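# Structural overview for review
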Amino acid sequence: MGQSQLNLTRIILLDLWRHKWILLLAAAVVGNAVTIVYTSHVSRKYISQWDQMWQERDRLDIEWRNLLLEEQSQSEHSRITRIASKQLDMSRPLPKEEVVVRIP
C-alpha cells in the first residue's frame, strides 16, 4: 500500500509538471482573487473615512451656524444698551441736553 501511494503521488506530480501552464493560470486566478479582495477592503475603508469626514463637515457647519447666531445675539442693540446702562452707568441724554450740529 505504501508503494502504490508513492506511485500515485509521483504520477500526479509528473502530470502537473507536464501541464505547467495550467498551474500558472491557477496561480494567476488566485492572485487576481487576492487583489480583488484587497482592493475591495481598501475602497471600503476609504468610503468609511469619506463618510466620517462628511459627518464632521456637517457637525462643523452646524457649530458655525450656531456661532453666527450667538454673535448676532451678542451684538444686539438692546443688549449693548443694557450693558452700557448697568455696567458703565451710561444713560441716554435728555432732549434738552442734546446738541444738533448742522454742517452747511
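Before reading further, recall that the structure is shown in the block above.
Residues numbered from 1 in each chain as written. Predicted model: local features only at pLDDT ≥ 70, side-chain atom pairs only at ≥ 80, totals over all residues. Heavy atoms only, no water.

With that out of the way, let us pick up the overall build of the protein. A tally of helices and strands in the protein yields 3 helices and 0 strands. Reading the protein from its N end, one meets helices and strands in the order α-α-α. Here the C-alpha radius of gyration of the protein, 41 Å, is well above what a compact globule of 104 residues would show, namely 13 Å. Principal axes of the C-alpha set define a box for the protein whose edges measure 125 × 40 × 15 Å. By the burial criterion, 2% of the 104 residues in the protein qualify as buried. In the structure as shown, the protein presents an accessible area of about 10,400 Å², 63% of it carried by carbon and sulfur atoms. (Helix = DSSP H or I, 4+ residues; strand = E, 2+ residues; numbered from the N terminus. Rg over C-alpha atoms; globule rule 2.2 N^0.38 Å. Buried < 20%, exposed > 50% of the residue type's maximum accessible area, 1.4 Å probe, protein only. Areas by Shrake-Rupley, 256 points an atom, 1.4 Å probe, with all protein chains shown as cover.)

Here we come to the layout of surface pockets. In this structure, the largest pocket spans a volume of roughly 160 Å³. Across the lining of the largest pocket, the residue classes tally to 3 nonpolar, 4 polar and 1 charged. (1 Å grid on protein atoms, 1.4 Å probe; cavity = no way out; pocket = protein on both sides within 12 Å on 5 of 7 lines; lining within 4 Å. Points joined across faces, edges and corners; volume = space filled by probe spheres on them. Nonpolar A, V, L, I, M, F, W, Y, C, P; charged D, E, K, R; others polar.)

In short, the description is geometric, and any link to function would need to be established separately.
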